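Letter by letter, the chains look like this.
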Amino acid sequence: MSEKRRKEIEEKRAKLAELRKARAIRNQEPPDRRWAIPETKKDFEDFVDKIVGPSKGGVDSEDFTPSSSMPGTPGRGPSATLPTRSSDSGRGSRQSDIPERLSFGGPVTVGSGTDHVIDRPLTPRGYPDLVTFEQELFELPQKERVVYNKEIQTTLVETEPSQDYEEEVRQRIFREKDAEAEKLAREKELEDISVKLDQEIEREIRDLTEEERASIVGAPEFLEFVEQSSKIVQRALNDGYDYIRDYRIGTESGGDDSEGKRVKRVCEFWDERYVKNRSITDIDWSPKYPELSVASYNKNPAALNEPDGIVAVWNLHLLERPEFVFHSQSDVLSVTFSPFHSNLVFGGTYSGQILLWDTRAKHLPVLKTPLSASGHTHPVYAMQMVGTQNAHNLITSSTDGTVCSWLVDMLAQPQETLELIHHGHNKTGEVAITTLDFPDNETTTFWVGTEEGNLYQANRYDRAGAKAGLNQYDVYKGHSGPVMGLHFHPLVGPVDFSDLFLTCSVDWTVKLWRAKSLAKPSTTPHALPPLYSFDEADDYVYDVKWHPSQPAVFGTVDGSGRFDLWNLNTDTEVPVVSTPVGSGRAINKLEWDRKEGRRAALGGSDGRLYIYDIGDMAIPRESEWTDMQKTISSMMGGGQTNGV
């Protein structure tokens, strides 16, 4: 027998016991309250139909069981015990257990959704004895009843974890626990280390003594670091580039006619620490870096502990101080960048020494000439580098008439020495050279200006028709005072004007000359007058320079502190632009930049280096060379009277 069937039988036995108990209770009630029990089966069925209505397929004990828990059932007391049926659909038989007697008394109430009350009293008719019998009955198949359970409608799944899964979870928990413990231990260790470091730092931090501070600040490594890093910062701060410029906005068209002729000051270099109470003696532009310029300075009479002469390299992006500073034991009177080695700077001194500085080295010169008779023993006011990349020499001249040729990598003694002597001088035959220049593409013949005011042509070597040394017969006479500047026309453009040169003097004049052809040297004394004399200056004219790209333009500086810009194609009588420079003190030197010629460096006697921009005047027109030819022709036609 299945478990389900056994359970049903147990439930039926429990219900039967309950019915028997109820019957026993009813037997104890008074007879007047009992029901009249039908005597026959038909009467019993009719009685039940009256109470609950007609039944289909009989009355099932599960469908109608008088109980005290159902609404409408009689209370404890007189009760009716109804017949019960039990069916077994599997066997096709029915077994009925009928109580021995049913007692009815009093009103009957049956709960079936509506209460039915029978007021008619039932008269008891005795207590017949009932017997139990078995009878096989035919029963129609019942309609299957579907029971709905609200609790769970899903398939049961075994939720108990497997042993492997439990072990995996256990191991993972152990690993996480170990990792957390390791992390906490590492954090604690780092915290301990941090605490120890803080304690060590606190013990180490202390105020330095004055001696310790001085030793740190005075360390060469510290000074070099501060020097280099501060230069970088100052270059960035001095950069005048407009970083917020809007290129979508066009510049305004038009403007006055004089806009392109304006001379504007770009900047001014001066450092009180180095150049106070000093004057600029010479200047030059770097051949490789257009923003670098160099200036030489004489002695500061108020500073006995400072070097007598210095050379400063200035940077257009570093205005407050020089990029490099070089020292000399004597006043530096002339300076030049090497056109073939951008890091080398040459200087000529008042003592006659030639010095070589390297921007990669310190303040002192890396090479210098000895103070001996083999070199210069008088002030060196002029020097120039001639030759090519593979074969070049440094030509220097001093006021004793000595011209020396030096190899760049050997200054122990000159490669060549030439003494310029003029026998026509009254007291001495020496020619006191104040300035010197070579024409373009010329390395042998050069011209010199002297303290007496005359100009001479000289040769480094013997050449056809001329000997080495001074040409005593061709004398360029015109100045009445020492010649301060001499410059040949640059070899640029379609027309060659390289035989023209300009000179300036303390006689307040600037003169234009044409060099005599070397193919026809003179054999007798012969004075050569200038082509033209510019007499506009009101003070000593200290320097004059042709513009490097504009054939008819040149500039002059004088003792009144003026910078005059001349254009021979525009006017030969007055400068096109005359600009006062600085505080009005004398301007000693002038030098155009080598690239475009837009900027001019002006060296003042107050130690300040001024940079000026001439704007569009530096851009030549196509007709400039033709116009210049016409101008020179007109000067040659009437220049004799003007030049004398």
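Residues numbered from 1 in each chain as written. Predicted model: local features only at pLDDT ≥ 70, side-chain atom pairs only at ≥ 80, totals over all residues. Heavy atoms only, no water.

An unreviewed UniProt entry lists the chain under the name Cytoplasmic dynein intermediate chain, from Crepidotus variabilis. Here the chain is described in UniProt, under the heading Subcellular location (unreviewed entry), as follows: "Cytoplasm". (UniProt positions renumbered as here; feature names shortened; annotations may be inferred.)

A. Expanded view of the overall build of the chain. For the chain, the count of helices and strands is 7 helices and 34 strands. Put simply, the chain has 644 residues, and 40% of those count as buried. Sequence separation of at least 24 residues holds for 55% of the intrachain contacts in the chain that already meet a minimum separation of 6. Accessible area of the chain: about 38400 Å², with a carbon and sulfur share of 51%. (Helix = DSSP H or I, 4+ residues; strand = E, 2+ residues; numbered from the N terminus. Buried < 20%, exposed > 50% of the residue type's maximum accessible area, 1.4 Å probe, protein only. Contact = heavy atoms within 4.5 Å. Areas by Shrake-Rupley, 256 points an atom, 1.4 Å probe, with all protein chains shown as cover.)

B. Layout of the environment of Gln389. Within the secondary structure, Gln389 sits in the loop between strand S15 (380–387) and strand S16 (392–398). Gln389 sits 48 residues away from His341 along the chain, and the two C-alpha atoms are 9.0 Å apart.

C. Layout of a negative patch on the surface. Residues Asp535, Glu536, Asp538 and Glu573 make up a contiguous surface patch of negative charge. Note that Glu573 resides in the loop between strand S30 (562–567) and strand S31 (577–580). Given the relative accessible area of 51%, Glu573 is considered exposed. (Patch = residues over 30% accessible without salt bridge, like charges linked within 9 Å, V, L, I, M, F, W, Y side chains within 5 Å. Salt bridge = Lys/Arg side-chain N within 4 Å of Asp/Glu carboxyl O. Lys, Arg positive; Asp, Glu negative; His and termini not counted. Charge placed at Lys NZ, Arg CZ, Asp CG, Glu CD.)

D. Structural context of the side chain of Ser286. Inspection of the secondary structure puts Ser286 in the loop between strand S7 (280–285) and strand S8 (292–297). Setting aside its immediate chain neighbours within four residues, Ser286 contacts Leu292 and Phe337.

E. Structural context of the packing of aromatic side chains. Per the counting criterion, the structure on display carries 18 aromatic pairs. Seen in terms of ring centroids, Tyr476 and Phe501 are 5.8 Å apart; in terms of plane orientation they differ by 75°. Their pairing is edge-to-face. In this pair, Tyr476 sits in strand S22 (residues 469–476) while Phe501 sits in strand S24 (residues 500–505), placing the two residues 25 residues apart along the sequence. Judged by centre distance (5.9 Å) and plane angle (80°), the ring pair of Tyr476 and Trp513 falls under edge-to-face. One end of the pair, Tyr476, is in strand S22; the other, Trp513, is in strand S25 (residues 510–514), and 37 residues separate them in sequence. This pair shows no difference in class: Tyr476 is buried, exactly as Trp513 is. Grouping aromatic residues by their ring pairs yields a cluster made of Trp447, Tyr476, Phe488, Phe501 and Trp513. (Phe/Tyr/Trp six-rings, centres within 6.5 Å; stacked < 30°, edge-to-face > 60°.)

F. Spotlight on unusual backbone geometry. At Asn277, a residue that is not glycine, the phi angle is positive and equals roughly 65°. The topology assignment puts Asn277 in the loop between helix H6 (272–275) and S7. Classification of Asn277 by relative accessible area gives partly exposed; the value is 44%. The residue Asn441 is not glycine, and still its phi comes out positive at about 60°. As for its placement among the helices and strands, Asn441 is situated in the loop between strand S19 (433–437) and strand S20 (445–450). Look at Asn441 and you get exposed, because its relative accessible area is 72%.

G. Structural context of the layout of surface pockets. In this structure, the largest pocket occupies an estimated 1300 Å³ of space. Lining the largest pocket are 45 residues, and of these Gln384, Asp437, His487, Glu591 and Arg594 lie nearest its centre. Secondary structure elements with two or more residues in the lining of the largest pocket: S7, strand S11 (332–337), S15, S19, strand S23 (483–488), strand S28 (541–546) and strand S32 (587–592). A breakdown of the residues in the lining of the largest pocket according to their chemical character gives 24 nonpolar, 10 polar and 11 charged. (1 Å grid on protein atoms, 1.4 Å probe; cavity = no way out; pocket = protein on both sides within 12 Å on 5 of 7 lines; lining within 4 Å. Points joined across faces, edges and corners; volume = space filled by probe spheres on them. Nonpolar A, V, L, I, M, F, W, Y, C, P; charged D, E, K, R; others polar.)

H. Geometry of empty space enclosed by the protein. Overall, the coordinates contain 3 cavities of 30 Å³ or more when judged by the stated rule. Quantified by volume, the largest cavity comes out at close to 60 Å³. Taken together, Val510, Phe534, Asp535, Glu536, Ala537, Val541, Thr556, Val557, Asp558, Asp564 and Trp566 form the lining of the largest cavity. Counting only elements with at least two residues in the lining of the largest cavity, the list comes to strand S29 (553–558) and S30.

I. View of the environment of Trp406. On the secondary structure map, Trp406 appears in strand S17 (residues 402–406). Relative accessible area serves as the criterion here: at 1%, Trp406 is assigned to the buried category. Between the alpha carbons of Trp406 and Ile354 there is a distance of 9.5 Å; along the sequence they are 52 residues apart. In this structure, Trp406 is in contact with Ile354, Thr369, Gly375, His376, Asn393, Leu394, Thr396, Leu411, Gln413, Pro414 and Gln415, ignoring residues within four places of it in sequence. Within the structure, the side chain of Trp406 is placed 2.9 Å from the side chain of Thr396, a separation counted as a polar contact. (Polar contact = N/O pair within 3.5 Å; in protein donor to acceptor, adjacent residues only side chain to side chain.)

J. Molecular detail of the sheet that holds strand S27 (residues 532–534). Taken in spatial order, the 4 strands line up as S23-S24-S25-S27 in an open sheet, and their pairing is antiparallel. A single partner strand is all that each edge strand has here, and the edge strands are S23 and S27. Across the sheet, the mean angle from the axis of one strand to that of its neighbour is 20°, orientation sign disregarded. Strand direction decides the pairing type here: S24 and S25, joined by 5 bridges, are antiparallel. Residue Phe501 lies in a different strand from S25, and its bridge partner there is Trp513. (Pairing = 2+ DSSP bridges. Axes fitted to C-alpha atoms, helices over the stretch in contact; angles between N-to-C directions.)

K. Main features of a nonpolar patch on the surface. The grouping of Leu208, Ile216, Val217, Phe222, Leu223, Phe225 and Val226 at the surface amounts to a nonpolar patch, some 610 Å² of accessible area in total. Those elements that place two or more of their residues in the nonpolar patch are helix H4 (210–217) and helix H5 (220–238). The element contributing the most residues to the nonpolar patch is H5, with 4 residues.

L. Up close: the pattern of salt bridges. Going through the model one piece at a time under the given rule, you end up with 17 salt bridges. Note that Glu272 and Lys276 form a salt bridge whose closest N and O atoms lie 3.6 Å from each other. For Glu272, a relative accessible area of 46% puts it in the partly exposed group. The closest approach of N and O atoms between Glu591 and Lys545, which form a salt bridge, is 3.3 Å.

M. Geometry of the pairing of S11. Counting buried residues in S11 gives 6 out of 6 residues, a clear majority hidden from the surface. Pairing of S11 with strand S12 (residues 344–349) involves 5 bridges; the strand directions are antiparallel. Each residue of the ladder has a partner; that of Val332, found in S12, is Thr349. Between S11 and S12, which follow one another and run antiparallel, lie 6 residues.

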